[in-house]
Amino acid sequence: MSRIVRAAAIQISPVLGDDGLGTARKVCQAIREAAEKGVKLAVFPETFVPYYPYFSFIQPAFRFGGEHLELYERAVIIPGPVTDMVAETARDTGMVVVLGVNERDFGTLYNTQIVFDATGEILLKRRKITPTYHERMVWGQGDGSGLKVVESAAGRIGALACWEHYNPLARYALMTQHEEIHCAQFPGSLVGQIFADQMEVTIRHHALESGCFVVNATGWLTEDQIKDIAQDPALEGPLRGGCFTAIVSPEGKLLAPPLTEGEGMVIADLDFALITKRKRMMDSVGHYARPELLSLLQDRRPARTVHYVGEADPVSTSTDEAAS
């Protein structure tokens, strides 16, 4: 008998202007609502807590220093109050949760994806390898230690953020670990319809190429939030469109109508028999691979700025190894 897991890709708007915990509370509320619908895996948008740094897309760097500092104050410490709150909710509902956060590690912010198991345990904390374009003024770079697939109550899960999906070797690193469910996260409410169109092509292709399910979540800004962030009608346009919250089968099919505007959930039952059906025809890391011709070298060592010899590490600046 094939295993079936009910998944939800959740598209909601953040809470702006508070202490940073409002969005986390909204995440927990959405998890509970999804649990009432029988969901066992919930995926939230990119850096959803406390919010995606939209300001960096529409303002020059010398002007957004204040907004950047505010993001530092509201960013997520791991472990900390936000992760404790989400972990408790995941445990109470028996749900696997994939959450995007702005992580603060002392003096640097990172675009971080966290996978919580149904027990509340953090299975994976990974950082976006290379922030895209304007994001490089906001976040530091991740490393290869987070390019891992983890065993969860919902299945073997891998995750990438936004344009990491345009890095074929990053995707292949997860494919070689036989991910069953790929959790994709994009900011949403950005760039316009072309971003949504490109996103659809990207996630459907990954589903086909990897032979796995893709659960993709994008964020949503209300009209009031757009006006508040832009502070200039001429800058509002780039903060609309670009939403495509969806769930894709290993055969590249949309399992439910995608959500392209407003808040809501896309819910679908993932029948793992479809993974075998697809891979019987084309297993890109198995019988369809040619490792004697093409192979991948991945460096999983966490990036460290100092290496101690002959003594214990006096300060741990990262939880990467603990979560690996």
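Please read these numbers as outputs of a predicted model, since none were measured by experiment.

Reading the values: the criteria
Each chain carries its own residue numbering, running from 1 in the written order of its sequence. Given that the model is predicted, a residue must reach a pLDDT of at least 70 before its local features are reported, and side-chain atom pairs must reach 80 or more before they are shown or counted; all residues, however, enter totals for whole chains, interfaces and linings. As a rule here, side-chain values cover all heavy atoms of the structure and leave hydrogens and water aside. Partly exposed residues are those whose accessible area sits between 20% and 50% of the maximum for their type, while under 20% is buried and over 50% is exposed, using a 1.4 Å probe and protein chains only. Where helices and strands are cited, they refer to DSSP runs of H or I of at least four residues and of E of at least two residues respectively, numbered from the N terminus. Residues count as neighbours in contact if any of their non-hydrogen atoms are within 4.5 Å of one another. Note on pairing: DSSP must find at least two bridges between two strands before they are called paired. The convention used is that axes are lines fitted to C-alpha atoms, helices contributing only their stretch in contact, and that angles between N-to-C directions extend from 0 to 180 degrees.

1. Quick notes on helix H3 (residues 65–74)
Residues His68, Leu71, Tyr72 and Arg74 constitute the buried set of H3. Packed against the buried residues of H3 are helix H2 (55–58), strand E3 (96–105) and strand E4 (108–116).

2. Some details on the sheet that holds strand E9 (residues 213–218)
Taken together, 5 strands build an open sheet; the order of strands is E6-E7-E8-E9-E10 and the sheet is mixed. Each having just a single partner strand, strand E6 (150–152) and strand E10 (246–248) make up the two edges of the open sheet. Taken over all neighbouring pairs, the strand axes of this sheet differ in orientation by 25° on average, direction set aside. Bridge count for strand E7 (residues 155–161) against strand E8 (residues 181–186) is 5 bridges, and the pairing is parallel. Looking across to E8, one finds that glycine 158 is bridged to histidine 182. Its contacts with the sheet place helix H5 (residues 168–175) against E7 and E8, and it is angled at close to 170° to E7.

3. Observations regarding the sheet that holds strand E11 (residues 264–271)
Pairing in this open sheet of 6 strands is mixed, and the strands run E5-E4-E3-E2-E1-E11 from one edge to the other. In this open sheet, the two edge strands, each paired with only one partner strand, are strand E5 (122–127) and E11. Strand-to-strand twist across the sheet, computed as the mean angle between neighbouring axes with direction ignored, equals 25°. Judged from the 8 bridges that link them, strand E1 (residues 4–11) and E11 form a sheet pairing that is antiparallel. Looking at the pairing, isoleucine 4 lines up with aspartate 271 of E11. On the sheet, helix H1 (residues 22–36) packs against E1, E3 and E11 and is oriented at approximately 50° with respect to E11. Taken strand by strand, helix H4 (residues 81–93) contacts E3, E4 and E5, and its axis lies near 10° from that of E4.

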